[in-house]
Amino acid sequence: MPAVNLSLTPRPAAVAAPEEGALVDRFGRVHRDLRISLTDRCSLRCTYCMPEQGNEWLARNGILTADEIERVATIAAAAGITTFRLTGGEPLLRTDLIDIVARLARIAGPAGPVEIAMTTNGIRLGEKLPALIDAGLSRLNISIDTLDRERFHALTRRDRLDDVRAGIAAAAASGLRPLKLNAVAMRGVNDDELVDLVEFALAHDAQMRFIEQMPLDAGHTWDRNTMVTREEILAALATRWDIEPVPARGGAPAERFVLDGGPATVGVIASVTAPFCGDCDRLRLTADGQLRNCLFSLDEYDLLPVLRSGQGDDAVEAILRSCVHGKLPGHAIDDPSFLQPARGMNAIGG
Ligand code: SAM
Ligand code: SF4
C-alpha cells in the first residue's frame, strides 16, 4: 500500500464549500490573511529559495495585472480577508508596486479598511519607501540572514549586503512599526550569528524573527537532519538573554519570546518542528493567478481563466471558497512520504 501523504489526500467531494459568510474551512479556521505574490523574479538568489541559474520564469503575459490583483483582493476583502501581505520573489521589482499598494489600501471589508504589509529583501527600499507609505503601506518585514558580507554573497549569490542594510536603515527611520527582520537559521552558515542578528534588530528598533528552513528550495537540498531547529535557536539566544514565551499567539506564525523581561522580543517561526497549522488563517495568490491554501500544498486553484474570460465576481469568489474548503489539516513535512511542491518559495510567495 502506498504511504499516505496528507498533502495528497483527496478533498472530500460530498460537502460543498459555503457560498457566503467568512472564509471558514472544514476545520473551523477563519481565513483573514492573503499573501499576494507580485512576481517570481528577484534581485537575490538565496540558496534556500532559488537556483543560481536556470530558473524557469513565469511567462510575463501570465502575470496578474494591477487590475486583476485589485479585483481578487476586493472580492477577498468582502469575504473577510483583513490583511494583504505583498511578497514574491522580490515585490520591490514590480514597477507598478506603488499603484498596487494604493489600490489595495482603498479596499475595505466588513470589518473596515484592510492592512497592507510587505515582505522584502530591502534592496532599493529607501528610494520607494516614502511613496509606499503615502500609498498606504502599513507594515514591513525585511529579510537579512547574515551581517557578514562574504557570507551574504555566498548565501544570496549577490554582493548586496550594503543595499539590504540601507533598506533596513530607511525602514527604521520611517514611522512604520512594528518593523520585523527575518532570518532563516542555517547550520554552518549563520547559526553562530543569531545573537548578533538580534542585537542588530534591536539597534534598528525592530523585532528579529528566526525561521526554520523549510523544504521549499528549488534545488531540493533541504535535509531534516541538518536543519537548525527551534530548540537550537532558543538555546543560542538563552546564552545571552533570559527568554520567556509571550502567551496568546493567535494565528501568527511566529512564537514570540520576551528578552530579559522586555520590552524587546524575538520571534521564532518553527514550521517544521512545531507546526502551527491548527491556527493557520493564511491563503496565497501566486503572481500567475493560482490560489493556494498552504505553502506546501500540491493543489492550486487557477483564477486566471476566470479573470480573463469575462466571468463575474461570483465565479472568482466560488474558486476562493473552494480553495479554503479544500485546505487540509496540516502540511506533514515530517511524514516520510512528504512531497515537496514543484514550485520554489520565490514562485509560491513566502
Ligand atoms: N524576497 C522577499 C524576501 O526575501 O523577504 C520576499 C519573498 S521571500 C520568498 C519571503 C520569506 O521567505 C523570506 O523571509 C525568506 O527568508 C523566506 N524563505 C524563503 N525560502 C525559505 C525556506 N526554504 N525556508 C524558510 N524560509 C524561506
Ligand atoms: Fe529572493 Fe526572497 Fe527568495 Fe531570497 S528569499 S531569493 S530575496 S525571493
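On a predicted model such as this, the values are computed, not experimentally measured, just so you know.

**Here we look at the nonpolar core**
Counting 103 residues, the largest nonpolar core has Phe-84, Leu-104 and Phe-210 as its most contacted members. The biggest single contributor to this core is helix H1 (residues 66-78), with 7 residues. What Leu-104 contacts, discounting residues up to four positions off in sequence, is Ile-36, Ile-69, Glu-70, Ala-73, Phe-84, Leu-86, Val-114 and Ile-116.

**Re the sheet that holds strand E10 (residues 255-259)**
Spatially, E9-E10-E11-E8-E7-E6-E5-E2-E1-E12-E13-E14 is the arrangement adopted by the 12 strands of the open sheet, whose pairing is mixed. Edge positions in the open sheet fall to strand E9 (243-245) and strand E14 (301-302), since each of these has one partner strand only. Two elements, strand E12 (residues 282-285) and strand E13 (residues 290-292), share 2 bridges in a ladder whose sense is antiparallel. Within the sheet, the bridge partner assigned to Leu-285 lies in E13 and is Leu-291. Seen against the sheet, helix H7 (residues 230-238) touches strand E7 (179-185), strand E8 (206-212), E9, E10 and strand E11 (265-269) and runs at an angle of roughly 160° to E11.

**Some words on the side chain of His-31**
Along the chain, His-31 turns up in the segment before strand E1 (33-37). In terms of polar contacts, His-31 uses its side chain to reach the side chain of Lys-327, at 3.1 Å. If sequence neighbours within four positions are ignored, His-31 has contacts with Leu-23, Asp-25, Gly-80, Ile-81, Cys-280, Asp-281, Arg-282, Leu-283, Val-324 and Lys-327.

**Here we look at the packing of helix H3 (residues 125-135) against helix H5 (residues 161-173)**
The N-to-C vectors of H3 and H5 enclose an angle of 30°; their axes lie 8 Å apart at closest approach. Overall, the two elements H3 and H5 adopt an arrangement that is roughly parallel. Of the two possible hands of crossing, H3 and H5 adopt the one that is right-handed. Here Leu-125, Gly-126 and Leu-129 of H3 come into contact with H5, specifically with Gly-167, Ala-170 and Ala-171.

**Describing the site of ligand 1**
In the vicinity of ligand 1 lie 19 residues, with Tyr-48, Gly-89, Glu-90, Ser-143 and Met-214 positioned nearest. Note that a nitrogen atom of ligand 1 is positioned 3.0 Å from one of the backbone N or O atoms of Gly-89. Measuring from a nitrogen atom of ligand 1, one finds a side-chain N or O atom of Glu-90 at 3.1 Å. Burial of ligand 1 by the surrounding chains reaches 95%, relative to a free accessible area of 540 Å². Considered class by class, the residues forming the shell around ligand 1 number 7 nonpolar, 10 polar and 2 charged.

**Section: the pairing of E10**
Most of E10 sits inside the fold, with 4 of its 5 residues counted as buried. Bridge count between E9 and E10: 3 bridges; the pairing is antiparallel. Note that in E10 the partner of Glu-244 across the bridge is Val-258. Sheet topology places E10 next to E11; 4 bridges connect them, and they run antiparallel. Within E11, the residue paired with Glu-255 across the bridge is Val-268. In sequence, E10 turns back onto E11 through a hairpin of 5 residues, with Asp-260 there showing a positive phi of about 45°.

**Regarding H7**
All buried positions along H7 are accounted for by Arg-230, Ile-233, Leu-234 and Leu-237. All buried residues of H7 lie within an arc of 95° about the axis, which places them on one face of the element. Those residues of H7 that are buried lie in contact with E7, helix H6 (194-203), E8, E9, E10 and E11.

**Considerations on the packing of aromatic side chains**
Applying the stated criterion to the full structure yields 1 aromatic pair. With 5.8 Å between their ring centres and 70° between their planes, Phe-296 and Phe-338 make a pair best called edge-to-face. With Phe-296 in the loop between E13 and E14 and Phe-338 in the loop between helix H9 (313-325) and helix H10 (345-348), the pair connects residues that are 42 residues apart, well separated along the chain. The exposure class of Phe-296 is buried, given its relative accessible area of 2%.

**Let's talk about the side chain of Arg-292**
Relative to the elements of secondary structure, Arg-292 occurs in strand E13. From its side chain, Arg-292 meets the backbone oxygen of Ser-297 in a polar contact 2.6 Å long. For Arg-292, the residues in contact, after removing those within four places along its chain, are Leu-283, Arg-284, Thr-286, Ser-297, Glu-300, Cys-323, Pro-341, Arg-343 and Ile-348.

**Examining the pattern of salt bridges**
Within the structure shown, the criterion is met by 24 salt bridges. For the salt bridge of Arg-177 with Asp-205, the shortest nitrogen-to-oxygen distance reads 2.9 Å. Remark: Asp-205 occurs in the loop between H6 and E8 and Arg-177 occurs in the loop between H5 and E7; sequence separation between them is 28 residues. Because the salt bridges share partners, they merge into one network encompassing Asp-67, Glu-70, Asp-99 and Arg-103.

**A word on helix H2 (residues 97-105)**
For H2, the complete set of buried residues consists of Leu-97, Ile-100, Val-101, Ala-102, Arg-103 and Leu-104. On its buried face, H2 is in contact with E1, H1, strand E2 (83-87), strand E5 (115-120) and H3.

About the cut-offs
- Residues numbered from 1 in each chain as written.
- Chains lettered and ligands numbered in written order.
- Predicted model: local features only at pLDDT ≥ 70, side-chain atom pairs only at ≥ 80, totals over all residues.
- Heavy atoms only, no water.
- Core = buried A, V, L, I, M, F, W, Y, C linked by side-chain atoms within 4.5 Å.
- Buried < 20%, exposed > 50% of the residue type's maximum accessible area, 1.4 Å probe, protein only.
- Helix = DSSP H or I, 4+ residues; strand = E, 2+ residues; numbered from the N terminus.
- Contact = heavy atoms within 4.5 Å.
- Pairing = 2+ DSSP bridges.
- Axes fitted to C-alpha atoms, helices over the stretch in contact; angles between N-to-C directions.
- Polar contact = N/O pair within 3.5 Å; in protein donor to acceptor, adjacent residues only side chain to side chain.
- Parallel < 35°, antiparallel > 145°, perpendicular 65-115°, else oblique.
- Left-handed = near helix turned anticlockwise from the far one by under 90°.
- Near = heavy atom within 4 Å.
- Areas by Shrake-Rupley, 256 points an atom, 1.4 Å probe, with all protein chains shown as cover.
- Nonpolar A, V, L, I, M, F, W, Y, C, P; charged D, E, K, R; others polar.
- Arc of directions from axis to C-beta.
- Phe/Tyr/Trp six-rings, centres within 6.5 Å; stacked < 30°, edge-to-face > 60°.
- Salt bridge = Lys/Arg side-chain N within 4 Å of Asp/Glu carboxyl O.

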